[in-house]
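# Residue-level structural notes
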Amino acid sequence: MRIPFIRLLTFYFLPISFCHAQNNWQAMAGEIDHYIHTVYSDTVDGTLYVGGGQFRIFDGKPIRGIAHYNGIEWDSLGAGIDGLDTLNNPPRNTLGFCRYQGLLYVGGTFYSVGNVKAPRIATWDGNSWDSLSVQGFEIGVSGSVYDLCVYNDDLYVAGSFSTVAGLPGTEGIARWDGAQWSSVNFPQYTYFSQVYALAVYQGELYVGGNFHNNFTDPDQNIMRWDGTQWRTVGNGIRYAGWTWVADMVVYKDELYVGGLFGAANGNVCSNIQRWDGEAWKDVGGGTGGVNGQIIELFTGNGYLYAVGRFETAGGVPADHVARWDGNEWCSLGSDFDNSILVGTVYRDTLVVGGGFWTIDGDSIYGIAKWTGGDFVDECGTFSEIEEIETENSELTVYPNPANSSTTIAWRAHYYGNYRLNLYDASGRQLTVPVTEIAGGKWELDMSDLSSGVYFGQLTVGDMKRNFKVVKAP
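Here is a short report on the structure shown in this document. Computed from a prediction, not measured in an experiment: that's the story for all the values here.

Rules behind the numbers
Residues numbered from 1 in each chain as written. Predicted model: local features only at pLDDT ≥ 70, side-chain atom pairs only at ≥ 80, totals over all residues. Heavy atoms only, no water. Helix = DSSP H or I, 4+ residues; strand = E, 2+ residues; numbered from the N terminus. Buried < 20%, exposed > 50% of the residue type's maximum accessible area, 1.4 Å probe, protein only. Areas by Shrake-Rupley, 256 points an atom, 1.4 Å probe, with all protein chains shown as cover. Salt bridge = Lys/Arg side-chain N within 4 Å of Asp/Glu carboxyl O. Pairing = 2+ DSSP bridges. Phe/Tyr/Trp six-rings, centres within 6.5 Å; stacked < 30°, edge-to-face > 60°. Lys NZ or Arg CZ within 6 Å of the ring centre and 35° of its normal.

### Re the overall build of the chain
Helix and strand counts for the chain come out as zero helices and 47 strands. The burial tally for the chain puts 56% of its 473 residues in the buried class. Total accessible area computed for the chain in this model is approximately 19700 Å², and 47% of it derives from carbon and sulfur atoms.

### A look at the pattern of salt bridges
If you walk through the whole model with that rule in mind, you get seven salt bridges. Between Arg224 and Glu204 there is a salt bridge, with the nearest N and O atoms lying 3.2 Å from each other. Of this pair, Arg224 sits in strand S22 (residues 222–225) while Glu204 sits in strand S21 (residues 204–212), placing them 20 residues apart in sequence. Judged by relative accessible area, which is 8%, Glu204 ranks as buried.

### Concerning unusual backbone geometry
For residues besides glycine, phi is generally negative; the peptide bonds are generally trans as well. The peptide bond linking Tyr398 to Pro399 adopts the cis configuration, its omega dihedral lying at -10 degrees. Inspection of the secondary structure puts Pro399 in the loop between strand S41 (395–398) and strand S42 (405–410). A cis amide bond, omega 10 degrees, links Asn400 with the succeeding residue Pro401. With respect to the helices and strands, Pro401 occurs in the loop between S41 and S42. With phi around 70 degrees, Asp153 is a residue other than glycine that occupies positive phi space. With respect to the helices, strands and loops of the structure, Asp153 is situated in the loop between strand S15 (145–151) and strand S16 (154–159). Given the relative accessible area of 65%, Asp153 is considered exposed. Despite not being glycine, Ala165 has its phi angle at roughly 55 degrees, a positive value. Note on placement: Ala165 falls in the loop between strand S17 (161–164) and strand S18 (173–176).

### Topic: the pairing of strand S39 (residues 367–370)
Taken together, the three bridges between strand S1 (residues 25–27) and S39 define a ladder with antiparallel strand orientation. If you follow Ala27 over to S39, its bridge partner there is Ala368. When strand S36 (residues 349–354) meets S39, the two strands line up antiparallel, connected through three bridges. By the bridge assignment, Gly353 is partnered in S39 with Ile367.

### Section: the packing of aromatic side chains
Evaluated as defined, the whole model comprises 27 aromatic pairs. Taken together, a centroid distance of 5.3 Å and an interplanar angle of 15 degrees make the contact between Phe298 and Tyr305 stacked. Through a chain of ring-to-ring contacts, the aromatic side chains of Phe55, Phe58, Tyr69, Trp74 and Tyr346 assemble into a single cluster. Lying over the aromatic face of Tyr111, Arg120 brings its terminal NZ or CZ to 4.5 Å of the ring centre.

In structure tokens:
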């Protein structure tokens, strides 16, 4: 997409080194008067396209709603988004890009592009804007085109519209062949909000968003189309309350699905999980925080990247952006003052955009590129961890060996935020219930763990202490 419990303490992976490097991000533009809503790295013309949430100034220039970058400087695309507006209102959102039949297709909530009337979708040929030969999106006030994707030589367009060109069965998704619209008879749902994301995987078109008939539907929030009929994807993405699929991408022969959902009701992971064509699989424990929402997924340089409103990924502290290599999550060790909404890899460089004003305290607004090389601050990998001295230690673990539970006690003055982290001997991530039984004392539930040796680390404020605990046979 280009768009709240019993208290349990999760055991997170932590790195062995806790030093933070300097700011590894660099601003890519000067003054911007509103946030970035979508980015697109075009491999055809080598250009980076940026769509906005209503900006009229970009890199200090009068650019309306959309800009492009050639590796050296930013420029406008003609009169930009809602170029026909004569009242100088903020341009409406640009939400999606896609190459099709030699043209760059752009979707969003706009009514015109350049000096051309083009509600919600338009084309750019490198020099000028144009509308589609057949228009007719029937949409509400907030209707939009969110995503575009090529499948079986047709362009599929997804969003929050009721019909296209008056065709039945085009609510939320329609097909364009370059000349005409057609229906794919997407199921009609009792509770339909919008289709946010499209992706092609194993010869089928996957559709994700916010749609269902009830909370037990196996077609809740995700479906797939084989060119003839619609089919479910496992038991769907189900969760009571606010739940949706925001984005999807193929990485290492699996379909990764991100959004807002919990690890319940058949979901195997929080806010992200992967589909291998037959079953859902975990992605290192997913993301967490206030809601842990993933807004966009993208790949580049051999990695999968996730951006959004999360605070942790796989238990690793990760502020709005994290990297996955197929086995573990890594943080980029940076502090953003607001959400990252989008990202891409442009000319082998990681680029993120959103509504942030600072990164690691430096003034960087809206769009930034990673300049830190292969630096990764924290990863979910366990390597050797020194066992603490048991005599005169600030930290004690008892009983040890343990049966069903053990207590972690911090003898020093209790101050600051705390975090407990646990690893098995192979470094595998563990998520284990913890109960705080007093200030500086926590009971660790080991009843579901196999017998053996486990390693952990307690962080209290700026202090960190390692420990070892044995689960008795």
